[in-house]
Amino acid sequence: MASLKNLTAWKALEDHYRAIANLHMRDLFAEDSGRFDGFSLSLEDMLLDFSKNRITPETLNLLCSLARQAEVEGWRDKMFSGERINTTENRAVLHTALRNRSDGPVMVDGVDVMPEVNAALDQMCRFSDKVRDGNWIGADGRPITDVVNIGIGGSDLGPAMVTEALTPFHQSGVGVHFVSNIDGAHMAQTLAGLTPATSLFIVASKTFTTQETLINATTARKWLTDALGENAVARHFVAVSANADAVTGFGIDPDNMFLIWDWVGGRYSLWSTIGLPIAIAVGMDNFEALLEGAHAMDRHFQTAPLEENMPVILALLGIWYADFFDAQSYAVLPYDQNLKGLPAYLQQADMESSGKHVTRDGEPVDYATGPVVFGEPGTNGQHAFYQLLHQGTPLVPADFIGFAESHYPDGDHHAILLSNFFAQTEALMQGRTAADARALLKKAGLGRKEIDKRLPHVVFGGNRPTNSILLRRLDPRSLGMLVALYEHKIFVQGVIWEINSFDQWGVELGKQLAAAILPALKNGKETGDHDSSTDGLIAHYKRLMAGTS
Ligand code: F6P
């Protein structure tokens, strides 16, 4: 059995929870005018305001003791120094080396990986410049107008999210597209707008065994060769992978392969050559600014005391709600339309990392680990699911993220957007008391009977926790800081929960069963090999396909 619950800090937190669970943040703010100053941190332009949480100074002390007793600092140092902390895959975890902007070496098994990392960055720089400048010529001599990244999971979500987030920094007329889903609609609809002679495909797969990516790449290859012939492949396909043999087997010239390493986890790989579509879209200077932002957060994570360490604080608050308040989800709410990919990106980063039920030693955990992550940009989410955040029965902690300056400053859009951000966190914290609600209804001209009837519906309990992350503007550096902040938050939580945050065995079973079901769908043979529901679905599919249902 896991040992977390035996830590003295955990036991103290259980007692402390009982003592403060019913405190209202409204009162905590009223009692302490310095609460914002006491519970906020900044790094460069980034402010983390965590004062609207159900905590007191004692909570923070106890949570930091928990982090110390769980040896967060020791594990952090193991990660940065290249120890093989991903034990089920026997791998180091070194996405931080990809954005190591210092001159210092990073060692894996006694070998400095930085020369290879820097060589890969140089290769990315040369290639992305060529494509953007029109010097990468297609098979019929025309320059490339559209790049299609074919990948899924970490080989899609990170680069897609960043490319979209940095739209104001796009430097050229080259369109960058992302195809991930095995659903043929995704590839067909993307290709429909493209011309073979001016299209370039990046097949992005660390393993180069992922079914979706290989099938999508095969479809794209056929589309290209039908129009331009087999010889065109070399000019129109490049690959990002750790599997050189499979890349060559697919027919891609090894000279057009960009290397990643087994010590880069898929969901932590946007900083690597997996970021090639980002570099094509925004240029290498901006890609490097993204790396520098992440490096600044790495330095902060490595050096700031736990009490002042942003990723540590975010992680501890997440644990406070997941394990003591029984919160089973949390919301990520970017108040920036260009960051609309962030919740989906964090779903993989967080849920694939923390969706674990056994400890690093394989013992069952007897506490909650990773919550469900969801979100939408504000203000859209306000008109969709915020009702539940305000008045629903579950407690849903939320991170609000916004930027002071807009890239689109016309009119009042941005001030209105931010007024909504701030107002939502205030409303979630304050709520609306029965007395205030009664006064409001009276002012609206309602009689006593009608007021009594409506009152329970317009009272807001409040006391709903939020973190506010406010930056100057969404740019490569601030985005790098933001993403690294969440990566390290996830890491700290994994250490405290005693889980391996870097494997993902949970996605394997479905893949295997799909491979077993596929022949039954393709060859018309009834199976009877599965449970009655799965067999029933297969049979009904076949009847529909045969027109007999
Ligand atoms: O979904 C499982 C997974 O292994 C992810 O962790 C990974 O990001 C994704 O598949 C894609 O893997 P690859 O880059 O090897 O195609």
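Read on for a plain summary of the structure. (Residues numbered from 1 in each chain as written. Predicted model: local features only at pLDDT ≥ 70, side-chain atom pairs only at ≥ 80, totals over all residues. Heavy atoms only, no water.)

### Here we look at the overall build of the chain
Step number 1: Summing up its helical and strand segments, the chain has 23 helices and 13 strands in all.
Step number 2: Taken against the 2.2 N^0.38 rule, which gives 24 Å for 549 residues, the C-alpha radius of gyration of the chain at 26 Å falls within 12% of a compact globule.
Step number 3: Burial analysis of the chain (549 residues in total) assigns 52% to the buried set.
Step number 4: Taking the contacts inside the chain whose residues are at least 6 apart along the sequence as the reference set, 75% of them involve residues at least 24 apart.
Step number 5: As presented, the chain carries roughly 23,700 Å² of accessible surface, and 52% of it is formed by carbon and sulfur atoms.
Step number 6: Of the charged side chains in the chain, 45 are positive and 66 negative, and the gap between their average positions amounts to 7 Å. (Helix = DSSP H or I, 4+ residues; strand = E, 2+ residues; numbered from the N terminus. Rg over C-alpha atoms; globule rule 2.2 N^0.38 Å. Buried < 20%, exposed > 50% of the residue type's maximum accessible area, 1.4 Å probe, protein only. Contact = heavy atoms within 4.5 Å. Areas by Shrake-Rupley, 256 points an atom, 1.4 Å probe, with all protein chains shown as cover. Lys, Arg positive; Asp, Glu negative; His and termini not counted. Charge placed at Lys NZ, Arg CZ, Asp CG, Glu CD.)

### Quick look at unusual backbone geometry
Step number 1: Cis geometry marks the peptide bond from glycine 378 to threonine 379, where omega comes out at 10°.
Step number 2: Residue position: threonine 379 is located in the loop between β11 (372-374) and α17 (386-391).

### Things to note about the sheet that holds β11
Step number 1: One open sheet holds the 6 strands; their spatial order is β1-β2-β13-β12-β10-β11, and the pairing between them is mixed. Each of the sheet's edge strands pairs with one partner strand only, and the pair in question is β1 (40-43) and β11. Between one strand axis and the next, the sheet turns by 15° as a mean value, whatever way the strands run.
Step number 2: Where β1 lies against strand β2 (residues 46-49), 4 bridges are found, and the strand directions are antiparallel. Within β2, the residue paired with leucine 43 across the bridge is methionine 46. (Pairing = 2+ DSSP bridges. Axes fitted to C-alpha atoms, helices over the stretch in contact; angles between N-to-C directions.)

### With respect to the packing of helix α19 (residues 434-443) against helix α20 (residues 448-458)
Step number 1: It is at 9 Å that the axes of α19 and α20 come closest, and there the two elements cross at 130°. The orientation of α19 with respect to α20, classified from their angle, is oblique. As α19 runs across α20, the sense of the crossing is right-handed. For the pair α19 and α20, the contacting residues are Ala434, Ala437, Arg438, Leu441 and Lys442 in the first and Ile451, Asp452, Arg454, Leu455 and Val458 in the second. (Parallel < 35°, antiparallel > 145°, perpendicular 65-115°, else oblique. Left-handed = near helix turned anticlockwise from the far one by under 90°.)

### Here's the deal with helix α23 (residues 532-546)
Two residues of an α-helix separated by three or four positions point the same way, owing to the 3.6 residues in each turn.
Step number 1: Over its 15 residues, α23 extends 21 Å from the first C-alpha to the last, a length consistent with the 21 Å expected when each residue adds 1.5 Å.
Step number 2: Between a side-chain oxygen at the N-terminus of α23 and the backbone nitrogen of serine 533 the separation is 3.0 Å; the capping residue is aspartate 531.
Step number 3: Once α23 ends, the next one or two residues include glycine 547, with phi positive near 75°. (Expected span 1.5 Å × (residues − 1). Polar contact = N/O pair within 3.5 Å; in protein donor to acceptor, adjacent residues only side chain to side chain.)

### Considerations on the pairing of β2
Step number 1: In this antiparallel pair of consecutive strands, β1 and β2, the connection spans 2 residues, and glutamate 44 shows a positive phi of 50°.
Step number 2: Inspection of the sheet shows β2 paired to strand β13 (residues 466-471) by 3 bridges, in the antiparallel sense. Across the sheet, leucine 47 pairs through a bridge with leucine 470, a residue of β13.

### As for the nonpolar core
Step number 1: The biggest cluster of nonpolar side chains holds 124 residues, and the ones touching the most others in it are Trp263, Leu339, Ile469, Leu479 and Ile496.
Step number 2: A per-element tally of this core places helix α21 (residues 476-497) first, with 13 residues.
Step number 3: Within the second largest apolar cluster, 20 residues are counted, among which are Phe201, Phe208, Ala217 and Leu224. (Core = buried A, V, L, I, M, F, W, Y, C linked by side-chain atoms within 4.5 Å.)

### Concerning the packing of helix α22 (residues 508-523) against α23
Step number 1: Closest axis-to-axis distance for the α22/α23 pair is 10 Å, and the angle between their directions is 30°. When the axes of α22 and α23 are compared, the pair comes out roughly parallel. Between α22 and α23 lies a crossing whose hand is right-handed. Here α22 contributes Ile517, Ala520 and Leu521 to the contact with α23, which in turn contributes Thr534, Ile538, Tyr541 and Lys542.

### Some words on the pattern of salt bridges
Step number 1: Here the structure, examined in full by the defined rule, presents 24 salt bridges.
Step number 2: For arginine 18, the salt bridge identified is with aspartate 15, shortest N-O distance 2.7 Å. With a gap of 3 residues between them, arginine 18 and aspartate 15 both fall in helix α1 (residues 8-20), about one helical turn apart.
Step number 3: By relative accessible area, which is 59% here, arginine 18 ends up exposed. (Salt bridge = Lys/Arg side-chain N within 4 Å of Asp/Glu carboxyl O.)

### Observations regarding the site of the ligand
Step number 1: Close to the ligand lie 13 residues; Gly154, Ser155, Ser205, Thr207 and Thr210 are nearest.
Step number 2: Measuring from an oxygen atom of the ligand, one finds a side-chain N or O atom of serine 205 at 2.6 Å.
Step number 3: Side-chain polar atom of threonine 210 to an oxygen atom of the ligand: 2.5 Å apart, as the coordinates give it.
Step number 4: When the ligand sits alone it has 400 Å² of accessible area, and the protein chains cover 87% of it.
Step number 5: For the shell around the ligand, the class distribution of residues is 2 nonpolar, 9 polar and 2 charged. (Near = heavy atom within 4 Å. Nonpolar A, V, L, I, M, F, W, Y, C, P; charged D, E, K, R; others polar.)

### Describing the pairing of strand β10 (residues 329-334)
Step number 1: The element β10 is largely enclosed, with a buried count of 6 among its 6 residues.
Step number 2: The alternating pattern of β10 places Ser329, Ala331 and Leu333 on one face and Tyr330, Val332 and Pro334 on the opposite face, and all of these are buried.
Step number 3: Bridge analysis of β10 against β11 gives 3 bridges, and the strand direction is parallel. Looking at β11, one finds that serine 329 is bridged to valine 372.
Step number 4: Handedness of the crossover joining β10 and β11 through helix α16 (residues 342-354): right-handed.
Step number 5: Examined bridge by bridge, β10 and strand β12 (residues 398-403) share 4 bridges and lie parallel to one another. Across the sheet, residue alanine 331 finds its bridge partner in β12, namely alanine 398. (Right-handed = clockwise from strand over helix to strand, strands pointing away.)

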